[in-house]
Amino acid sequence: MNKTVYYSRIDWWAWLCLIFVPLLMWITAIGQPWWYAVFICGGLTALCAAALFGCRYEIDGDELVIYQFFQPTRLPISKIKSVKKTTGYLATAAMSSRRVSISFTDRSVLKSYAPLEISPKDRDAFIARLKSINPDII
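Residues numbered from 1 in each chain as written. Predicted model: local features only at pLDDT ≥ 70, side-chain atom pairs only at ≥ 80, totals over all residues. Heavy atoms only, no water.

**Re the side chain of N134**
By the secondary structure assignment, N134 is in the segment after α3 (123-133). Under the relative-accessibility criterion, N134 is labelled buried at 8%. Not counting residues within four places of it along the chain, the set of residues in contact with N134 comprises I77, S78 and I80. (Helix = DSSP H or I, 4+ residues; strand = E, 2+ residues; numbered from the N terminus. Buried < 20%, exposed > 50% of the residue type's maximum accessible area, 1.4 Å probe, protein only. Contact = heavy atoms within 4.5 Å.)

So, in structure tokens, the structure goes:
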């Protein structure tokens, strides 16, 4: 099977944080040595950008691959029990309030009973693709 990439949805408040937090850091660097501004503020600005843009989801064969900070986590689609749309700002660090909640049949997949909540841009296509690979998903 081919690989399908779904980028993370980013709400307005996440964009605001990407602008506001580095701006505050750069303002505090006024009057500091040049190396402080370059290394500390520049590094933290890059970290904020990596957190925002380094999140994506791939369906690669029979695995769901979640990239956070450009580091992959592979989860078997065959062990997904249910997938549903959800909203809210609590319970996860997703960049959007419009999320997909994924529950697994086996606790050992996430080492937790809590569902995985992610925020792909196209939730309907993402859910349809998962269900086409594993028709047992509720």
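Don't stop here, the text continues.
**Brief notes about the packing of aromatic side chains**
Within this structure, the stated rule accounts for five aromatic pairs. Centroid distance Y6 to F126: 5.2 Å. Interplanar angle 90°. Geometry classified as edge-to-face. Placement of the pair is Y6 in strand β1 (residues 3-7) and F126 in helix α3, with a sequence separation of 120 residues. Neither residue differs from the other here; Y6 and F126 are each classed as buried. Among the aromatic residues, those joined into a ring-pair cluster are Y6, Y57 and F126. (Phe/Tyr/Trp six-rings, centres within 6.5 Å; stacked < 30°, edge-to-face > 60°.)

**Quick word on the pairing of strand β4 (residues 71-76)**
Where strand β3 (residues 63-68) meets β4, six bridges bridge the pair, whose relative direction is antiparallel. Opposite I66, over in β4, you have T73 as the bridge partner. (Pairing = 2+ DSSP bridges.)

**Brief notes about the sheet that holds β1**
If you trace the four strands from one edge of the open sheet to the other, you get β1-β2-β3-β4, paired in antiparallel fashion. A strand with exactly one partner marks an edge of an open sheet, and here the two such strands are β1 and β4. Between one strand axis and the next, the sheet turns by 20° as a mean value, whatever way the strands run. Running over the sheet, α3 touches β1, β2 (56-60) and β3 and is turned about 25° from β2. (Axes fitted to C-alpha atoms, helices over the stretch in contact; angles between N-to-C directions.)

**Thoughts on helix α1 (residues 12-28)**
An ideal rise of 1.5 Å per residue puts 24 Å on 17 residues; α1 measures up with 25 Å between its terminal C-alpha atoms. The inward-facing, buried residues of α1 abut α2 (34-53). (Expected span 1.5 Å × (residues − 1).)

**What to know about the state of the cysteines**
Across all of its chains, the model carries zero disulfides by this definition. A disulfide-free cysteine, C17 has its sulfur positioned 8.6 Å from the sulfur of C48, the nearest such atom. A residue is classified by how much of its surface remains accessible, and C17, at 40% relative accessible area, is partly exposed. (Disulfide = S-S within 2.5 Å.)

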